[in-house]
Amino acid sequence: MANLVAQRGFVDDPGQPLEFDAAFRAMVEQVPLWFGTLLTALLSRWLVRDGTEVRAVHFLLVWVAAILLLQFFLWIAADHYFLQFLPPFCLLNGLLLGRGLLTNVAGQRARAGLLAVVGALTLFGVSKNQLVNTAYVLRDRILHGRAWAADTPRRIAADLKPLLRPGDAIYEVGFLPIIYHLTDAEIPTRFAFTGLPHARYAGRDGCPWVPQAVEMRRVLDTRPRFIVIEQGLFYAKLDPKVRAILDECLARDYRLRWRYDMHWIHRLYPFERFVLNAAAGAEVHELIEPTDQPVASASAP
């Protein structure tokens, strides 16, 4: 029921075609489970033992079919939408492994070894991108001595936290909201995920009745002491009018305090087209206090 009801808050723009390339990539990540589910469906008459198990298999196959149908409504085919397949997939593949394989393997050691192989393959399938990413990052941190490699939010927090005074606010624009947690600073926006409500879709860090320009002006009117801008897709794709409000305020009332370069792995995240935002570049802008203003020349013209 949760799988079905949850869609009501995240149905994207109706009438758009399914992103078949993104859907294919997500399915490739789950290929063994799709293959095992198909085998279970074909071999179920020999795997089940009674009518109760027949009904259970039919229910799980209907569950899979329902989620598959829902992907056409969730047309962007985000990889996390495909996590919904995992509960019925795991149960169906468990039936295939248990009845089709383990019952025919004699000896506890052989069974334990077989399950260990399945577990290792599962771990690799779920975590291979993270494991390879970690290997690259650890090489930079340990062998090359770059302690903050691929962790821009922690670098920013380490620089900002000693400067923060009680009541200081940080406004983060982009996909690095963990900075709020790392610094314990005040958050000047209700839409902490990106710093703004979503421009089009309800339920994605925002509401359609709060325009981005309105929220941007409201936040900037509170004059947060620091503004952190992730140099990524969100800032680059902002509505030009909304971005102009931010850029004009930065030019008038703020100074660039730090710039953090993007770590190379942000573009080379292994095996995937998706990236880890922690490795992105960023800029930190500081509010110009009255005492920071340059002193005008006292010489006569």
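Thresholds, definitions, all that
Residues numbered from 1 in each chain as written. Predicted model: local features only at pLDDT ≥ 70, side-chain atom pairs only at ≥ 80, totals over all residues. Heavy atoms only, no water. Helix = DSSP H or I, 4+ residues; strand = E, 2+ residues; numbered from the N terminus. Buried < 20%, exposed > 50% of the residue type's maximum accessible area, 1.4 Å probe, protein only. Contact = heavy atoms within 4.5 Å. Areas by Shrake-Rupley, 256 points an atom, 1.4 Å probe, with all protein chains shown as cover. Core = buried A, V, L, I, M, F, W, Y, C linked by side-chain atoms within 4.5 Å. Axes fitted to C-alpha atoms, helices over the stretch in contact; angles between N-to-C directions. Parallel < 35°, antiparallel > 145°, perpendicular 65-115°, else oblique. Left-handed = near helix turned anticlockwise from the far one by under 90°. Nonpolar A, V, L, I, M, F, W, Y, C, P; charged D, E, K, R; others polar. Pairing = 2+ DSSP bridges. Arc of directions from axis to C-beta.

Draft legend 1. Quick peek at the overall build of the chain. For the chain, the count of helices and strands is 11 helices and four strands. Counting only residues that meet the buried cut, the chain has 38% of its 301 residues in that class. Taking the intrachain contacts of the chain between residues at least 6 apart in sequence as the baseline, contacts between residues at least 24 apart amount to 66%. As displayed, the chain offers around 18100 Å² of accessible surface, 64% of which is attributable to carbon and sulfur atoms.

Draft legend 2. Region of the structure containing the nonpolar core. Among the nonpolar cores identified, the biggest contains 21 residues, and Ala77, Phe82 and Phe85 are the most heavily contacted of them. When residues of this core are traced back to their parent elements, those giving at least two are helix 2 (20–29), helix 3 (31–47), helix 4 (51–70) and helix 5 (86–100). Discounting chain neighbours no more than four positions away, the residues touching phenylalanine 85 are Gln30, Trp34, Val64, Ile67, Leu68 and Gln71. With 19 residues, the next largest nonpolar core counts Leu238, Ile245, Leu246 and Tyr254 among its residues.

Draft legend 3. Main features of the packing of helix 3 against helix 5. Where helix 3 contacts helix 5, the axes come no closer than 8 Å and their chain directions differ by 55°. The pairing of helix 3 with helix 5 is recorded here as oblique in orientation. Where helix 3 crosses over helix 5, the two elements pack in a sense that is left-handed. Residues Pro32, Leu33, Trp34, Gly36, Thr37, Leu39, Thr40, Leu43 and Leu47 of helix 3 touch helix 5, and the partners they reach there are Leu86, Phe89, Leu92, Asn93, Leu95, Leu96, Arg99 and Gly100. Its residues placed into classes, the contact of helix 3 with helix 5 shows 11 nonpolar, five polar and one charged.

Draft legend 4. Structural view of the sheet that holds strand 1 (residues 170–173). On the basis of which strands lie adjacent, the open sheet formed by four strands has the order 1-2-4-3 and mixed pairing. Each edge of the open sheet is held by one strand with a lone partner, namely strand 1 and strand 3 (254–260). The mean inter-strand angle of the sheet, taken between neighbouring strand axes irrespective of direction, is 20°. Sheet topology note: the strand 3/strand 4 (residues 282–287) ladder contains six bridges and is antiparallel. From the neighbouring strand, arginine 259 faces strand 4, where its bridge partner is glutamate 283.

Draft legend 5. Main features of the environment of isoleucine 179. Looking at where isoleucine 179 falls in the secondary structure, it is placed in helix 8 (residues 178–183). Under the relative-accessibility criterion, isoleucine 179 is labelled buried at 0%. With 27 residues separating them in the primary sequence, isoleucine 179 and threonine 152 have C-alpha atoms 9.4 Å apart. Sequence-distant contacts of isoleucine 179, that is, excluding residues within four places in its chain, are made with Pro153, Ile156, Ile170, Glu172 and Val228.

Draft legend 6. Representation of helix 2 in the model. Among the residues making up helix 2, those that are buried are Ala22, Ala23 and Ala26. Buried residues of helix 2 fall within an arc of 100° about the axis and therefore sit on the same side. Exposed residues lying more than 90 degrees from the buried face of helix 2 are Phe20 and Phe24.

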